[in-house]
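# Report on the structure
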Amino acid sequence: MNEQVVLDVKDLHVSLPSMRGVVGAVNGISMQITEGKVLGLVGESGCGKSITCLSLLGLTKEEGWVIAGVAKIQGKNLLTLGPEEIRKIRGKEIAIIMQNPLTAFNPLMTIEQHFLETIGSHLLLSKKEGRNLAGRYLEYTGLSQPSKLLKQYPFQLSGGMIQRVMIAIALALEPKVLIADEPTTSLDVTVQRQILCQLARLKEKVRTGILLVSHDLGVIAQMADEVAVMYCGCIVERAPVERLFNQPLHPYTKALMASKPKMQKKTLQAIGGQAPSLLNFDGGCPFFERCHEKSCCCSHYKQELVQYDDKHWVGCAKFAVKQRMLYYEPA
Ligand SMILES: Nc1ncnc2c1ncn2[C@@H]1O[C@H](COP(=O)(O)OP(=O)(O)O)[C@@H](O)[C@H]1O
Ligand SMILES: [Mg+2]
């Protein structure tokens with residue numbers, strides 16, 4: 001089957017001003033989301049996953065923030081669209097499940113009003129049809145008594161319930177692209193399973209292309225077709241899921257895999273050291289200080305992904321040097 005790219009992100013940069021300088025939160029990432037496939041995005045806390053997600057939907061336009069690059073959806077660059085144009089695209093073309101859903105709800109509107117406002121701006125439905133659709137999707141996410149719930153206000157629901165309402169709204173529109181930022185982190189395992197089943201249904205039936213952000217490698221292993229590993233605002237490795245888990249190449253990915261809890265392992269293996277400050281990021285290898293495999297060529301390395309084989313990309317000097325020795329004449 002022909003694989004169609006539904007969201008094509010190229011060289012995305014997001015920098016934020018701070019008292020001490022410019023923080024490079026996202027430093028030139030590229031990724032493609034394909035119809036009917038899940039791209040998993042993993043990386044430790046603070047590496048820029050949420051900022052990446054929010055930037056794609058134009059939700060980070062705070063004063064002083066600089067967003068550069070291209071994020072194409074059906075020929076339009078999401079990063080340059082005006083507020084009106086992006087509002088038309090959000091929901092049906094591209095939807096988001098945010099990591100902190102409470103901030104996305106208006107405390108003065110009931111759940112039903114949230115549903116009807118979002119659905120109503122994209123689908124031609126009567127109030128009754130909208131209500132039925134809302135009820136159905138609330139049930140899909142494991143919420144009981146949807147008719148009672150629709151009359152309630154966000155503050156009357158628990159964090160897990162709000163998370164599920166947000167998921168139900170995102171799923172109801174059956175978007176072409178879904179950005180799911182830690183969608184199941186605050187949910188218990190049985191509810192998590194229901195949500196993951198719904199995401200899988202969307203992928204299979206509607207052929208939605210999904211960007212699934214999670215720090216849970218088990219969720220990624222179960223759901224993703226391909227995985228991108230993020231570190232300090234850079235993607236350091238990208239490969240099909242099985243390949244990434246069985247043959248990680250980047251020292252950070254290897255360390256991440258080694259820190260996975262295992263039944264037979266008594267102590268967890270932490271990654272030594274700390275992620276560097278992203279203040280005035282210089283474009284070099286961000287894992288340099290913590291890396292056990294570094295060599296003399298690493299200090300001059302400019303962070304970029306090199307192709308290891310047709311589906312596996314890695315951003316490590318070791319592989320870049322090998323590639324250049326194979327393909328380039330030294331100057
Ligand atoms: N609103 C904000 N203002 C300033 N800095 C922020 C803001 N949101 C996030 N950051 C910083 O940007 C970096 C990336 O954050 P985030 O994308 O939330 O990480 P992740 O989702 O990977 O845990 C972090 O260093 C964080 O402190
Ligand atoms: Mg986050």
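Below, the discussion takes up the packing of aromatic side chains. Tallied over the full model, the rule gives 6 aromatic pairs. Judged by centre distance (5.2 Å) and plane angle (90 degrees), the rings of Tyr231 and Phe287 are edge-to-face. Of this pair, Tyr231 sits in strand 9 (residues 226-231) while Phe287 sits in the loop between helix 10 (251-258) and strand 11 (306-309), and the two are 56 residues apart along the sequence. Each of the two residues, Tyr231 as well as Phe287, counts as buried. Ring centres of Tyr308 and Phe319 lie 5.7 Å apart, and the angle between their planes is 90 degrees; this geometry places the pair in the edge-to-face category. Here Phe319 lies in helix 11 (residues 317-327) and Tyr308 lies in strand 11, a separation of 11 residues in the sequence. Linked through ring pairs, Tyr231, Tyr252 and Phe287 together constitute an aromatic cluster. The ring of Phe288 carries Lys294 above its face, with NZ or CZ at 4.9 Å from the centroid.

Bringing the packing of helix 6 (residues 159-172) against helix 7 (residues 189-206) into the picture now. In contact at an axis separation of 11 Å, helix 6 and helix 7 are set at 10 degrees when each is read in the N-to-C sense. Judged by the angle between their axes, helix 6 and helix 7 are roughly parallel. For the pair helix 6 and helix 7, contact is made by Arg164, Ile167 and Leu171 and by Val191, Ile195, Gln198, Leu199 and Leu202, respectively. For the contact of helix 6 with helix 7, a count of residues per class yields 6 nonpolar, 1 polar and 1 charged.

Glancing now at the sheet that holds strand 6 (residues 94-97). Strands pair in a sheet through their backbones, by hydrogen bonds, and they do so in one of two ways: parallel or antiparallel. The 8 strands are arranged 6-7-8-3-9-10-12-11 in an open sheet whose pairing can be described as mixed. This sheet does not close on itself; its edge strands, each paired only once, are strand 6 and strand 11. Pairs of neighbouring strands in the sheet enclose a mean axial angle of 20 degrees, with direction left out of account. Two elements, strand 6 and strand 7 (residues 177-181), share 4 bridges in a ladder whose sense is parallel. Counterpart to Ile94 in the pairing with strand 7 is Val177.

Next up on the list: the pairing of strand 1 (residues 5-18). Pairing between strand 1 and strand 2 (residues 21-34): 11 bridges, direction antiparallel. Among the inter-strand pairings, Ser15 is bridged to a residue of strand 2, identified as Gly24. Counting the residues that bridge the hairpin from strand 1 to strand 2 gives 2 residues. Across 6 bridges, the pairing between strand 1 and strand 4 (residues 66-73) is antiparallel.

What follows covers the side chain of Lys49. Assignment of secondary structure puts Lys49 in helix 1 (residues 49-56). For the buried Lys49, no salt bridge is present, and the opposite-charge side chain at shortest range is Glu182, 4.6 Å distant. Of the polar contacts made by the side chain of Lys49, one reaches the backbone oxygen of Gly43; its length is 2.9 Å. Not counting residues within four places of it along the chain, the set of residues in contact with Lys49 comprises Leu41, Val42, Gly43, Glu44, Glu182, Val213 and Met230.

So, how was this worked out
- Residues numbered from 1 in each chain as written.
- Chains lettered and ligands numbered in written order.
- Predicted model: local features only at pLDDT ≥ 70, side-chain atom pairs only at ≥ 80, totals over all residues.
- Heavy atoms only, no water.
- Phe/Tyr/Trp six-rings, centres within 6.5 Å; stacked < 30°, edge-to-face > 60°.
- Helix = DSSP H or I, 4+ residues; strand = E, 2+ residues; numbered from the N terminus.
- Buried < 20%, exposed > 50% of the residue type's maximum accessible area, 1.4 Å probe, protein only.
- Lys NZ or Arg CZ within 6 Å of the ring centre and 35° of its normal.
- Axes fitted to C-alpha atoms, helices over the stretch in contact; angles between N-to-C directions.
- Parallel < 35°, antiparallel > 145°, perpendicular 65-115°, else oblique.
- Contact = heavy atoms within 4.5 Å.
- Nonpolar A, V, L, I, M, F, W, Y, C, P; charged D, E, K, R; others polar.
- Pairing = 2+ DSSP bridges.
- Lys, Arg positive; Asp, Glu negative; His and termini not counted.
- Salt bridge = Lys/Arg side-chain N within 4 Å of Asp/Glu carboxyl O.
- Polar contact = N/O pair within 3.5 Å; in protein donor to acceptor, adjacent residues only side chain to side chain.

Geometric values such as these leave the question of function open.
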